[in-house]
Amino acid sequence: MSQVDGIANLAASRMILKTSLENSRALASALDRKKCTFAAIREHIDRAIGPAAAVLKVYDIIQDLQKSLLSHPCSDLSTYLLMVKQLEESLKFLADNCGLAIQWLEAVLEFLEDNEVHDDLYVLNVNKSLSIMQELQATEKHARLGGGILCAAFDKLEVEFRQILVENCFCVVLDSFSSSIRKQASIAPSPLPVAAIQKLQVIIERLDADNRLEKCISTYVEVRCLNSMRSFQALDLNYLNQSPDEFDDVQDVECYVDQWCKHLQLAVKQVFETEYKLCSDVFEKNGPEVWMDCFAKIVTQSGILSFLRFGKKITECKNDPVKLMKLLDVFATLDSLRVDFSRLFGGSACIEIQTMTRDLLKGVVNGACEIFWELPIQVELQRRSSPPSDGSVPGLVSFVTDYCNHLLGDDYRPLLTQILTIQQSWKQEKCQEELVANQIYHIIKQIGLNLDAWSKAHYDLTLSYLFMMNNHCHFCSLKGTNLGGLMGDSWLKAHEQYRDYYMTLYLRESWGKIFALLSQESRVLSFPTRGSVGDLVKKRLKSFNEEFDHMYQKQSNWVVPCEDLRLRMCKLAVQAYVPVYRSHLQNYEFHQAETDASPSRHLKYTAQGLEAMLCSLFQPKLSKSGSSKHNRLIGKIKDIVTDNFRLTLMAA
């Protein structure tokens, strides 16, 4: 029934009750005057009159409170809560006194029945009074039902609870460039003013007494979840909900993994940390079980499970070397948040979060270890491939050495060591020292065996020498790097010696043999006639030109990537062979001057021209965009090497 109808009914009941009391007093007086056997009823009636009178007094108070509670609690919350408390006490007092009056009125009826009193009017009045008292006794129960006085007051308090939350909700400014996210979390103040928290607490206490705590929690979770999600909008987290088909290749979502690492830290340290503290403050008086359950609902509905599911998808992508790097990044993020996860999500209310986190960590550790232990095998399997036709450093060699340098860096080596140690502990195996270093040694050994096999694949011996020279030079360039430091100075010096050795072989087997055609002066000069000498010099020059053209054309597409080595090799070739050519030209011009009016017409190259041609060889083919060496290497990683690695890893 509505509040207006309730007031009218209670007013009518009050008049009937008042009339009944007056009739009861009159009846008691009449009975007293008769001095009959009904004198015993007087005692019961006197006892019923006291509680009934108290009912009339408290009923007036209830009516006044009911009118006051028609206002909204926002105007004066403390006064409103006090009136609600007074109303509850008054209703209880009303019910208790009605109960006493009912007991004595029932006793009167029982006495009348036992003594076979046939005064119908009197019995009717007693029954009417009893009915009124029973109806008034139910006032408290009706007040708590929908539309009742107390229910309406509690509904208003719930509205006020939501209003206070909404008015004090502000999005967390997520700063990924903060100098210290960890420190921010530990010193961050409460996101709500103290006065607002105190208001929420007193409302919760009042509603909890009426078994409405769950409604408070539900409202709190709803409002705070919306606030957290608004905070996350600045990060654009749509990638978290990508379909599994889009996660077939980790390279396709590589940029998202980097974002995930940053966003998870922001979510935990700035958003979820804030909610944790606020839940603790607002529901402090209700105990940790209540506020931890409230916090668990907020973070679950705000997206923590989406973060964990995304990480799990990364572990399920196809295996390749880039995936190992990304798994190490994921592990680094989880490890940096380990203490936070334990503190925030360590309670029984966060069992689902704990389970998913353990599954993610297990997938990261096992996935990273699987790829790392397979790397030497994958390098060996590339031995069947063909070496570069230009004699340059194979993409696999560049990739593997650069890759190993990253694994040995300060960012990844401790993480990889930690992961390998964790897996060994899971398997209850004895922890081995220098696991990472030993595996890197093994990888580089397989690269060396690959180079030996590839060098034999070149049918041109000079190209094989150039190929080995380039690769040994590449290893020499590792001096001062993480990989170079691991392999040691003796290893680097050995590659320097091999570089020079193969450079000498190359120069001797290519240009040395050609210029040797010009270094047979003694034989030429031993001929007795001038005409025969001139002819032989001319023929020898012609043979040299043909061989030089052929060799130059063949090597025009060969490459020496290292500029210092290229300049040094060209300088040695010029110093060794151009003087021989210049000497032969002088001899040729001398003999031709005696027999030919135009000796220069048989010359194809001048000494300076020959020098320029030698110095123009082995230039690297630079891209038009002018990409750096690092960018070209990354391109090789993504377009060539990882494709081959992935295929062999999948087949393994």
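These numbers come from a predicted model, not from an experiment. (Residues numbered from 1 in each chain as written. Predicted model: local features only at pLDDT ≥ 70, side-chain atom pairs only at ≥ 80, totals over all residues. Heavy atoms only, no water.)

J.: Before we go on, may I ask you to explain the overall build of the chain in this structure?
T.: In terms of helices and strands, the chain carries 26 helices and 0 strands. When the 652 residues of the chain are sorted by exposure, 49% land in the buried category. Pairs at least 24 apart in sequence give 83% of the contacts found in the chain among residues at least 6 apart. A total of about 32800 Å² of accessible surface is found on the chain, and carbon and sulfur atoms cover 53% of it. (Helix = DSSP H or I, 4+ residues; strand = E, 2+ residues; numbered from the N terminus. Buried < 20%, exposed > 50% of the residue type's maximum accessible area, 1.4 Å probe, protein only. Contact = heavy atoms within 4.5 Å. Areas by Shrake-Rupley, 256 points an atom, 1.4 Å probe, with all protein chains shown as cover.)

J.: In this structure, what is going on with the environment of R224? I would like to understand it.
T.: Along the chain, the position of R224 falls in helix α9 (residues 213-232). The spacing of R224 and V166 is 58 residues in sequence and 8.6 Å in space, taken between C-alpha atoms. Apart from the residues within four sequence positions on either side, R224 is in contact with C169, P191, L192, E275, L278 and I298.

J.: Sorry if this is basic, but what is going on with the packing of aromatic side chains here?
T.: Each aromatic ring pair is characterised by the separation of its centres together with the angle its planes make. This structure, assessed with the given rule, holds 22 aromatic pairs. Both rings, one in Y276 and one in W291, keep their centres 5.2 Å apart while their planes meet at 80 degrees; by these two values the pair is edge-to-face. Taken as a pair, Y276 in helix α10 (residues 254-282) and W291 in helix α11 (residues 288-302) lie far apart in primary sequence, 15 residues in all. Neither residue differs from the other here; Y276 and W291 are each classed as buried. With centroids separated by 6.2 Å and ring planes inclined at 40 degrees, the aromatic side chains of Y465 and Y502 adopt a geometry described as tilted. With a gap of 37 residues between them, Y465 in helix α19 (residues 461-476) and Y502 in helix α21 (residues 489-515) connect regions that are remote in the sequence. There is no split in this pair, since Y465 and Y502 are both buried. An aromatic cluster of at least three residues, connected via ring pairs, comprises F232, F272, Y276, W291, F295, F307, F341 and F345. Lying over the aromatic face of Y276, R343 brings its terminal NZ or CZ to 5.7 Å of the ring centre. (Phe/Tyr/Trp six-rings, centres within 6.5 Å; stacked < 30°, edge-to-face > 60°. Lys NZ or Arg CZ within 6 Å of the ring centre and 35° of its normal.)

J.: Help me understand the side chain of T333, please; the structure alone is not making it clear to me.
T.: Its place among the elements puts T333 in helix α13 (residues 321-336). The contacts of T333, once residues within four sequence positions are left out, are W260, C261, L264 and Q265.

J.: I would appreciate a short explanation of the pattern of salt bridges in the present structure.
T.: When the charged atoms of two side chains lie near each other, side chains of opposite charge can form a pair. Applying the stated criterion across every chain, the model contains 20 salt bridges. The partner of D258 in a salt bridge is K326, with the nearest N and O atoms 2.8 Å apart. On the criterion of sequence distance, the pair formed by D258 in helix α10 and K326 in helix α13 is long-range, its members being 68 residues apart. Residues D329 and K326 are paired through a salt bridge, measuring 3.1 Å at the closest nitrogen-oxygen approach. (Salt bridge = Lys/Arg side-chain N within 4 Å of Asp/Glu carboxyl O.)

J.: Would you mind going over helix α12 (residues 304-315) with me for this structure?
T.: Owing to its 3.6 residues per turn, the α-helix aligns residues three or four sequence positions apart on the same side. For α12, spanning 12 residues, the distance from its first C-alpha to its last is 17 Å, which sits close to the expected 16 Å at 1.5 Å a residue. Summarising burial for α12: 10 of the 12 residues are buried, a large majority. What α12 keeps buried is the set I304, L305, S306, F307, L308, F310, G311, K313, I314 and T315. (Expected span 1.5 Å × (residues − 1).)

J.: What am I meant to see in the confidence of the model for the chain here?
T.: As a general rule, the predicted coordinates of low-pLDDT regions are not to be interpreted in detail. Here the chain shows a mean pLDDT of 79. Residues at 70 or above account for 68%. Here residues 177-187 is a poorly scored stretch, pLDDT under 50, and it has 12 contacts once near neighbours within four places are set aside; other chains count. Every residue in residues 647-652 is under pLDDT 50, and counting partners more than four places away or in other chains gives 10 contacts. (pLDDT = per-residue confidence, 0-100.)

J.: Explain unusual backbone geometry to me, please; I cannot follow it from the model alone.
T.: The phi angle of most residues is negative, glycine excepted, and most peptide bonds adopt the trans form. Backbone geometry places N211, a non-glycine residue, at a positive phi of 60 degrees. Its location among the elements puts N211 in the loop between α8 (194-208) and α9. By relative accessible area, which is 72% here, N211 ends up exposed. Non-glycine residue Q428 carries a positive phi angle of around 55 degrees.

J.: I tried to follow helix α6 (residues 149-167) on my own but got confused; where do I start?
T.: An ideal rise of 1.5 Å per residue puts 27 Å on 19 residues; α6 measures up with 27 Å between its terminal C-alpha atoms. All buried positions along α6 are accounted for by I149, L150, C151, A152, A153, F154, L157, E158, E160, F161, I164 and L165.

J.: Please explain the packing of helix α15 (residues 351-381) against helix α17 (residues 413-426) as it appears in this structure.
T.: A packed helix pair is summarised by two numbers, namely the angle formed by the two axes and the spacing between the axes. Direction vectors running N to C along α15 and α17 enclose 105 degrees, while the axes themselves pass 9 Å from each other. With respect to α17, the element α15 is oriented roughly perpendicular. Between α15 and α17, the residues in contact are L361, K362, V365, N366, A368, C369, F372 and W373 and L416, I419, L420, I422, Q423 and W426, respectively. Of the residues in the contact of α15 with α17, the class split is 11 nonpolar, 2 polar and 1 charged. (Axes fitted to C-alpha atoms, helices over the stretch in contact; angles between N-to-C directions. Parallel < 35°, antiparallel > 145°, perpendicular 65-115°, else oblique. Nonpolar A, V, L, I, M, F, W, Y, C, P; charged D, E, K, R; others polar.)

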